[in-house]
Amino acid sequence: MLTPLRGVRLPAIRRFWNKLKQRSIKTFALLFAISLSLSLAVSACSSSNQGNSTATAPTGNASPQQSSVVRIGYQKYGTVNILKAKKNLDERLKAEGVSVQWLLFPAGPQLLEAMNAGSIDFGHTGEAPPIFAQAAGAPLVYAANEPPNPKGEAILVPKDSQIKDVAGLKGKTVAFNKGSNVHYLLVEALKEAGVPYSDIKPAFLPPADARAAFEQGKVDAWAIWDPFYTAAKRATGARILKDGEGLVANREFYLATKTFAEQQPDRLKAILEEIQEVDDWAASQPTEVAKLLSPELGIDVPTLEEVAKRRSYGVQPITAEVVAYQQKVADTFYELKVLPKQLKISEVAQVSK
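All values reported here derive from a predicted model rather than from experimental measurement.

Definitions and limits used
Residues numbered from 1 in each chain as written. Predicted model: local features only at pLDDT ≥ 70, side-chain atom pairs only at ≥ 80, totals over all residues. Heavy atoms only, no water. Helix = DSSP H or I, 4+ residues; strand = E, 2+ residues; numbered from the N terminus. Contact = heavy atoms within 4.5 Å. Expected span 1.5 Å × (residues − 1). Buried < 20%, exposed > 50% of the residue type's maximum accessible area, 1.4 Å probe, protein only. Arc of directions from axis to C-beta. Pairing = 2+ DSSP bridges. Axes fitted to C-alpha atoms, helices over the stretch in contact; angles between N-to-C directions. Salt bridge = Lys/Arg side-chain N within 4 Å of Asp/Glu carboxyl O. Phe/Tyr/Trp six-rings, centres within 6.5 Å; stacked < 30°, edge-to-face > 60°. Lys NZ or Arg CZ within 6 Å of the ring centre and 35° of its normal. Core = buried A, V, L, I, M, F, W, Y, C linked by side-chain atoms within 4.5 Å.

J.: Tell me about the environment of phenylalanine 204, and please be specific about residues and values.
T.: In this fold, phenylalanine 204 is placed in strand E7 (residues 201-204). Sequence-wise, phenylalanine 204 and asparagine 177 are 27 residues apart; in three dimensions their C-alpha atoms are separated by 5.3 Å. If we ignore the near neighbours within four places in the chain, the residues touching phenylalanine 204 are Phe176, Lys178 and Tyr197.

What follows is the structure in structure tokens.
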């Protein structure tokens, strides 16, 4: 029961209390509606990621130390994708009472946006995405890397294009995923050809949209990585204007959140060990790799076999050479004013001892 306050009439207090209750109800309804919408959006997104585990991932920045789920982000090709298909890691962690949730992303920048949001614990990308993620304040660390694979990405033009070399891209529209490994390939290729980056018209598109624009003639060229690169070349007869040979390393990096790396080093070690096991198997089994991934990716076996034969395998520790290379990439993007601030790669990519 309300007790009248000195100098304040009880009816006035009751009116105030009723208004407060009405506002609270409205506020609660609004918050509940927002929460429900977000839940449905996340659910729809998760269901669209092929091969996701049915485990419920912790949301936000919940400490993975309290979690029985390891959340791994992956792209449409790479050793992590093979690891998912073979289920070795799932079985190993299941014995410890831990499940794996696999989350599919169209490219590295999107994967690391999820890591920055606390939605995944571990993932893999090319060389440029972790640089942009670090600039955005993502709490990531470099865990390891694969050997260079410069022929695994290229700049393509339609087979009947009048563009004969990279210099011919001046004034042209080039599609690529902003902040991805091919973004750096394009920068370096233009530099070698003496064409300022500002002289091309970038079309920032993820792989699926870029391919559609490329086939419809809406862009003049497309910078893209495997397996999309090989698939488009085989399907459309596209010409290779320039691949990464002699220009870029095109390493695949394994990244984790700082919290996951510090609080769950045993799980991180287990992931890297299983990746190495898969690499050892895949290095000598390109046809089997292609057959394993074809139904997962919806890409034909011959295309995937060509990709598997071209790439290199092996989990390698972060070295001083790798850190120096990543620093060069970061400095290049900063000089072009594509990166908002200078970075010290060594802060998140410490040399393994």
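J.: I'd like a rundown of helix H11 (residues 286-297), residues and numbers included.
T.: With 12 residues, H11 should reach 16 Å at 1.5 Å per residue; the first-to-last C-alpha distance of 15 Å fits that figure. For H11, the full list of buried residues reads Pro286, Val289, Ala290, Leu293, Ser294, Glu296 and Leu297. The arc that holds every buried residue of H11, seen down its axis, measures 165°, which confines them to one face. One or two steps after H11, the chain reaches glycine 298, where phi turns positive at roughly 70°.

J.: Which residues make up the sheet that holds strand E6 (residues 173-176), and what values do they have?
T.: Strands sit in the order E7-E6-E8-E5-E9 across an open sheet of five strands; the sheet is mixed. The open sheet has two edge strands with one neighbour each: E7 and strand E9 (239-243). Direction aside, neighbouring strands of the sheet carry axes that sit 30° apart on average. With two bridges connecting them, E6 and strand E8 (residues 221-225) associate as parallel partners.

J.: Describe in detail the pattern of salt bridges, supporting the description with residues and values.
T.: Two side chains that carry opposite charge are able to pair once their charged atoms sit near each other. Applying the stated criterion to the full structure yields 17 salt bridges. Counted as one network, the salt bridges with shared partners bring together Asp226, Lys233, Arg234, Glu306 and Arg310.

J.: For the pairing of strand E5 (residues 153-157), give the residues involved together with the corresponding values.
T.: The buried fraction of E5 is high, at five of five residues. Of the two faces of E5, the one lined by Glu153, Ile155 and Val157 and the one lined by Ala154 and Leu156 are each fully buried. Of the pairings in the sheet, the one linking E5 to E8 comprises four bridges and is antiparallel in character. Counterpart to leucine 156 in the pairing with E8 is tryptophan 222. Taken together, the four bridges between E5 and E9 define a ladder with antiparallel strand orientation. The residue of E9 that forms the bridge with valine 157 is arginine 239.

J.: Break down the packing of aromatic side chains for me, citing the residues and quoting the values.
T.: Inspection of every chain in the model, using the stated rule, returns nine aromatic pairs. For the pair phenylalanine 176 and phenylalanine 204, a centre-to-centre distance of 5.3 Å together with 85° between the ring planes defines the contact as edge-to-face. Remark: phenylalanine 204 occurs in strand E7 and phenylalanine 176 occurs in strand E6; sequence separation between them is 28 residues. Accessibility expressed as a relative area gives 0% for phenylalanine 176, which makes it buried. With a relative accessible area of 40%, phenylalanine 204 lands in the partly exposed category. Three or more aromatic residues joined by ring pairs make a cluster, and in this case those are Phe132, Tyr184, Tyr325 and Phe333. Above the ring of tryptophan 281, the side-chain terminus of lysine 86 is found at 4.0 Å from the ring centroid.

J.: Let's hear about the nonpolar core: which residues, and what values?
T.: Leu140, Tyr142, Ile155, Leu156, Leu169 and Phe333 are the most contacted members of the largest nonpolar core, which has 69 residues in total. When residues of this core are assigned to their parent elements, the largest contribution, seven residues, is made by helix H6 (residues 181-193). With residues near it in sequence (within four places) discarded, leucine 140 still touches Leu112, Met115, Pro130, Ala133, Gln134, Leu255, Ala256, Thr257, Lys258 and Val348. Residues Ala256, Val278, Ile299 and Leu304 belong to the second largest nonpolar core, which totals 37 residues.

J.: Tell me about the environment of alanine 235, and please be specific about residues and values.
T.: As for its placement among the helices and strands, alanine 235 is situated in helix H8 (residues 228-236). Along the backbone, alanine 235 and threonine 303 are 68 residues apart, and their C-alpha atoms lie at a distance of 9.5 Å.

J.: For unusual backbone geometry, give the residues involved together with the corresponding values.
T.: Trans peptide bonds make up the majority, and among non-glycine residues the majority have a negative phi. Cis geometry marks the peptide bond from aspartate 226 to proline 227, where omega comes out at 5°. With respect to the helices and strands, proline 227 occurs in the loop between E8 and H8. Not every positive phi belongs to a glycine, and lysine 87 is a case in point at roughly 70°. Mapped onto the fold, lysine 87 is located in the loop between helix H2 (79-86) and helix H3 (88-94).

J.: Any details on the side chain of glutamate 274? Residues and values, ideally.
T.: Residue placement: glutamate 274 occurs in helix H10 (residues 265-282). Its relative accessible area of 11% is what places glutamate 274 among the buried residues. With sequence-adjacent residues up to four places away left out, glutamate 274 is seen in contact with Leu83, Asn88, Leu89 and Arg92.

J.: Mind laying out the environment of serine 284, listing which residues take part and the relevant values?
T.: Summarising the element assignment, serine 284 is placed in the loop between H10 and H11. Residues serine 284 and lysine 309, 25 residues apart in the sequence, show an inter-C-alpha distance of 8.8 Å.

J.: Tell me about the pairing of strand E3 (residues 122-125), residues and numbers included.
T.: If a strand is regular, its side chains alternate between the two faces of the sheet. Burial along E3 is two-sided: the residues Phe122 and His124 and Gly123 and Thr125 are all buried. Judged from the four bridges that link them, E3 and strand E10 (residues 253-257) form a sheet pairing that is antiparallel. Directly across from phenylalanine 122, in E10, lies its bridge partner alanine 256.

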